[in-house]
Amino acid sequence: HKDKDKHSKHVPISVQGVYSDVIYRTWLCQSLQINEHEEFTSIDNIRRERYDNLTAEQFLQRYEETNTPVVIEGATEHWPALKKWNDQDYLIRATNGNSFRATSACAPLPAQFTMESYCRYSENAVEEMPLYLFDRNFDKLAPRLLEDYQSALYESCPYFDPTAEDGLRHDLFSLLGANRRPDHRWLIIGPKQSGSAFHIDPNATHAWNAPIVGRKRWIFYPPGVPPPGVLPSSDGDEVTMPISIGEWYLSFWSAHVRQRHHPDPTQRPIECTVSPGSILFVPHGWWHTVMNLDSVGIALTQNYVSKSNLSDVLRFCKHKQQQISGCRDRSDEGAIQPECLYDEFVRVLEERCSNSGNDRLDLGAVKEQAEKGWCCAAWNDDDDDDNDGCNNAASQQQRNKSVLDQAKDNLKDDVGVEGAIGFSFSFNFQT
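This is a predicted model, so every value here is computed, not measured.

## Notes on unusual backbone geometry
Generally, phi is negative for residues other than glycine and the peptide bonds are trans, each holding for most cases. At N67, a residue that is not glycine, the phi angle is positive and equals roughly 55°. Position of N67 relative to the elements: it lies in the loop between α3 (56–64) and β2 (70–73). For N67, a relative accessible area of 12% gives the class buried. A positive phi angle, near 65°, is found at A204, a position not held by glycine.

This is the structure in structure tokens:
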């Protein structure tokens, strides 16, 4: 019928006499309103600073150099995006019918949506892990969106300006060139309870994240302290974990609550809710998960290399080439491939330091530190084991096990039961 709403919500089919634990578990993870549970949002223990009381030098010393998360309040209050992006029609006009990439932990391949079609989809999404618009090319597809925040970002947060001080203190990958560097900037849109499962940001980079529409809930675990139920292989190539945030919440929340009270404060998670108007600094190496709390969440995020994490980035590029992401599928655009990234990055750093005469970056000392070892506990190398022979043998035996076998070994320690949890594999897809 012409008058019938062609986008009406899905109505489940009634089926009698069919029972499935698998289907029930998926339904439970999808229908559980985690964001309405007070225990999920009650803790807010990440440091906060007013943007107009935080100088660039203070940000670098207090947070970048100490690798500490911080919420910078008021930093985005005056961004044009905060007013414009609440209007769905504006977003549709500004994106001009172009298609954007959306993905999910459950999706084998990314999907493509126009902004209009994604908005329709997200209003009716009922999946356990909804498709999450996560697009790296929005600045080219919709330059008006970039104009809605970029100059305002540099004004309110000068420490995120890549042009400051010859680019030697922020966003050093920009020295490689726009098309040659790894992916670094994303537009993120998702419905309520969508988000990202626990992960560490790529290539040992720092990041900032700014919610434009809707609040985001964040849980962080310190570098080297995997969250309950998240079991990385020794080299970090594989991670065994629940497939969705809902699954993690149902299976490991009690273990997370216990971890909040760990006798060693450096092992405890930290949590916060970030609202539009604020921006969050995400230091390199921290495990984190993010969930949208409101009916729609729109955010911007950007990853970067600065003086404070440069030695770990260099070590990552040299020793973790298999895990380098953001360039493999862009070779036709001139993106530097993983096997060449370290040498090329060092070359442009040496060239810039030599031409600028800037003594703020002692590249020789940075390279020496990179060769010596990791500054952040998030990573290790197979030959970094300094234990005695007995312990080395045990470690090697554990490394030789598959990541699933390691998960089974650790399952009892995490939840005290066997066979109750479903796991999925989260791989770096080398994009």
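Anyway, onward from the coordinates.
## Here we look at the sheet that holds strand β12 (residues 270–274)
Pairing within the open sheet is antiparallel, and its four strands lie in the order β7-β14-β9-β12. Two strands in the sheet have a free side with no partner beyond their single neighbour: β7 (195–199) and β12. Within this sheet the neighbouring strands show an average axis-to-axis angle of 15°, counted without direction. When strand β9 (residues 216–221) meets β12, the two strands line up antiparallel, connected through five bridges. Directly across from F220, in β12, lies its bridge partner I270. Helix α10 (residues 245–260) contacts β7, β9, β12 and β14 (287–292) of the sheet and is inclined by roughly 55° relative to β9.

## Comments concerning the nonpolar core
Within the largest apolar cluster, 45 residues are counted, with the highest numbers of intra-cluster contacts made by F59, W79, W85, L187, W208 and I279. If we skip the residues at most four places from it in the chain, I279 touches V70, V71, I72, A75, T76, W79, L153, C157, F160, W208, N209 and A210. Counting residues in hydrophobic clusters, the runner-up holds 29 residues, among them F173, L175, A204 and Y342.

## Examining the side chain of S104
As for its position among the elements, S104 is in the loop between β3 (99–103) and β4 (111–114). You can call S104 buried: its relative accessible area is 12%.

## Examining helix α11 (residues 310–319)
Of all ten residues in α11, eight are buried, a share of seventy percent or more. When we look at burial in α11, the residues that qualify are L310, S311, D312, V313, L314, R315, F316 and C317.

## Section: the side chain of E344
One can find E344 in helix α12 (residues 338–356). With residues near it in sequence (within four places) discarded, E344 still touches L176, R180 and I336.

## Regarding the pattern of salt bridges
Tallied over the full model, the rule gives 21 salt bridges. With a shortest N-O distance of 3.3 Å, R50 and D52 are connected by a salt bridge. The class of R50 is partly exposed, set by a relative accessible area of 30%. Of the residues examined, D52 reaches a relative accessible area of 48% and is grouped as partly exposed.

## Looking at the confidence of the model for the chain
Of the residues in the chain, 81% reach a pLDDT of 70 or more, and the chain-wide mean stands at 85. Of the regions scoring below 50 in pLDDT, residues 383–404 engages in 20 contacts with residues more than four places distant in sequence or in other chains. Here residues 414–431 is modelled with pLDDT under 50, and outside its nearest four sequence neighbours on either side it reaches 52 contacts, counting other chains as well.

## Some points on the packing of aromatic side chains
Tallying each qualifying case throughout the model produces 25 aromatic pairs. Ring centres of F316 and W379 lie 6.0 Å apart, and the angle between their planes is 75°; this geometry places the pair in the edge-to-face category. Taken together, the positions of F316 in helix α11 and W379 in the loop between α13 (363–372) and α14 (389–400) put the pair 63 residues apart, joining distant regions of the chain. Given the relative accessible area of 3%, F316 is considered buried. Look at W379 and you get buried, because its relative accessible area is 10%. Following the ring pairs from residue to residue traces out a cluster consisting of F59, Y63, W79, Y149, Y159, F160, W208, F281 and Y304.

## What to know about the pairing of β2
Here strand β1 (residues 48–50) pairs with β2 via three bridges, running parallel. Paired with E49 across the strands is I72, a residue of β2. Remark: the β1/α3/β2 crossover connection has right-handed handedness. Where β2 lies against strand β13 (residues 279–282), three bridges are found, and the strand directions are antiparallel.

## Quick look at the pairing of strand β6 (residues 185–191)
Extensive coverage of β6 is indicated by the burial of seven of its seven residues. Residue alternation in β6 divides its side chains into two sets, R185, L187, I189 and P191 and W186, I188 and G190, and both sets are buried. Note: strand β5 (residues 132–135) against β6, three bridges, orientation antiparallel. In the strand pairing of β6, L133 is matched with I189. Strand direction decides the pairing type here: β6 and strand β15 (residues 296–304), joined by seven bridges, are antiparallel. Following the sheet pairing, G190 is matched in β15 by G297.

The rules behind each value
- Residues numbered from 1 in each chain as written.
- Predicted model: local features only at pLDDT ≥ 70, side-chain atom pairs only at ≥ 80, totals over all residues.
- Heavy atoms only, no water.
- Helix = DSSP H or I, 4+ residues; strand = E, 2+ residues; numbered from the N terminus.
- Buried < 20%, exposed > 50% of the residue type's maximum accessible area, 1.4 Å probe, protein only.
- Pairing = 2+ DSSP bridges.
- Axes fitted to C-alpha atoms, helices over the stretch in contact; angles between N-to-C directions.
- Contact = heavy atoms within 4.5 Å.
- Core = buried A, V, L, I, M, F, W, Y, C linked by side-chain atoms within 4.5 Å.
- Salt bridge = Lys/Arg side-chain N within 4 Å of Asp/Glu carboxyl O.
- pLDDT = per-residue confidence, 0-100.
- Phe/Tyr/Trp six-rings, centres within 6.5 Å; stacked < 30°, edge-to-face > 60°.
- Right-handed = clockwise from strand over helix to strand, strands pointing away.

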